[in-house]
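This is what each chain is made of:
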Amino acid sequence: MDTSNPAVFVNAELLRMHVGRRVRAVIQVLRSDGGGTVVGKSTDEQQLVIKGHPPGPLSTFVEVIGIADSNQSIRAEIWTNFGDTLDTASYNQVCQLANGDYKHLFI
């Protein structure tokens, strides 16, 4: 596992703390304009804009890894389909733990 450039687990609320850094987030895809912008709902129910070109059709839930462009957008490098169902509350809790007292466990 490459730990030289880790991606911090974030939701929309935590994204603003990591602008300019590599992050990972799961979104529920709301719409895609086909031109390199996907709008989704973060696990904390806030809207995020994902910039980049997904490699193919997207499932309902997608993990993106990339650079936080702003407090509401990510420039995606890696897209991973997570299927059509996801326990967003649990993933959101992981984001909280990864940015709190237990962040040392998340590289």
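This structure is a prediction, so every number in the text was calculated from the model and none was measured. (Residues numbered from 1 in each chain as written. Predicted model: local features only at pLDDT ≥ 70, side-chain atom pairs only at ≥ 80, totals over all residues. Heavy atoms only, no water.)

**Student:** Explain the pairing of strand S3 (residues 37-42) to me, and be specific about the residues and the numbers.
**Tutor:** On any regular strand, side chains alternate: one points to one face of the sheet, the next to the other face. Note: strand S2 (residues 22-32) against S3, 5 bridges, orientation antiparallel. Bridging from a neighbouring strand, valine 29 pairs with glycine 40 of S3. Between S2 and S3, which follow one another and run antiparallel, lie 4 residues, and glycine 34 among them has a positive phi close to 75°. In this sheet, strand S4 (residues 47-51) lies alongside S3 in antiparallel orientation, the contact comprising 5 bridges. Looking at the pairing, threonine 37 lines up with lysine 51 of S4. The loop that links S3 with its antiparallel partner S4 comprises 4 residues; one of these, glutamate 45, has a positive phi angle of about 70°. (Pairing = 2+ DSSP bridges. Helix = DSSP H or I, 4+ residues; strand = E, 2+ residues; numbered from the N terminus.)

**Student:** Account for the pattern of salt bridges, naming residues and giving values.
**Tutor:** A full pass over the atoms with the stated rule returns 5 salt bridges. Arginine 22 serves as the salt-bridge partner of glutamate 77, at 2.3 Å between the closest nitrogen and oxygen. With glutamate 77 in strand S6 (residues 73-81) and arginine 22 in strand S2, the pair connects residues that are 55 residues apart, well separated along the chain. Taking the shortest distance from any N to any O, the salt bridge between aspartate 69 and lysine 51 comes out at 3.5 Å. Here the residue aspartate 69 occupies a position in strand S5 (residues 61-70), and lysine 51 occupies one in strand S4, the gap between them amounting to 18 residues. Judged by relative accessible area, aspartate 69 falls into the partly exposed class, the value being 29%. (Salt bridge = Lys/Arg side-chain N within 4 Å of Asp/Glu carboxyl O. Buried < 20%, exposed > 50% of the residue type's maximum accessible area, 1.4 Å probe, protein only.)

**Student:** Talk me through a nonpolar patch on the surface; I want residue IDs and the actual numbers.
**Tutor:** Residues Leu97, Tyr102 and Leu105 make up a contiguous nonpolar surface patch of roughly 300 Å² in combined accessible area. The residue leucine 105 is located in the segment after helix H2 (88-98) in this model. We classify leucine 105 as exposed; its relative accessible area is 58%. (Patch = residues over 30% accessible without salt bridge, like charges linked within 9 Å, V, L, I, M, F, W, Y side chains within 5 Å. Areas by Shrake-Rupley, 256 points an atom, 1.4 Å probe, with all protein chains shown as cover.)

**Student:** Please provide a residue-by-residue account of the environment of alanine 12, values included.
**Tutor:** Residue position: alanine 12 is located in helix H1 (residues 12-15). Residues alanine 12 and leucine 48 lie 36 residues apart in sequence; the distance between their C-alpha atoms is 6.6 Å. Beyond its immediate sequence surroundings of up to four residues, alanine 12 is in contact with Ser42, Asp44, Gln46, Leu48 and Asn71. (Contact = heavy atoms within 4.5 Å.)

**Student:** I'd like a description of unusual backbone geometry, backed by residues and values.
**Tutor:** One non-glycine residue, glutamate 45, adopts positive backbone phi at about 70°. The topology assignment puts glutamate 45 in the loop between S3 and S4. Judged by its relative accessible area of 53%, glutamate 45 falls in the exposed class.

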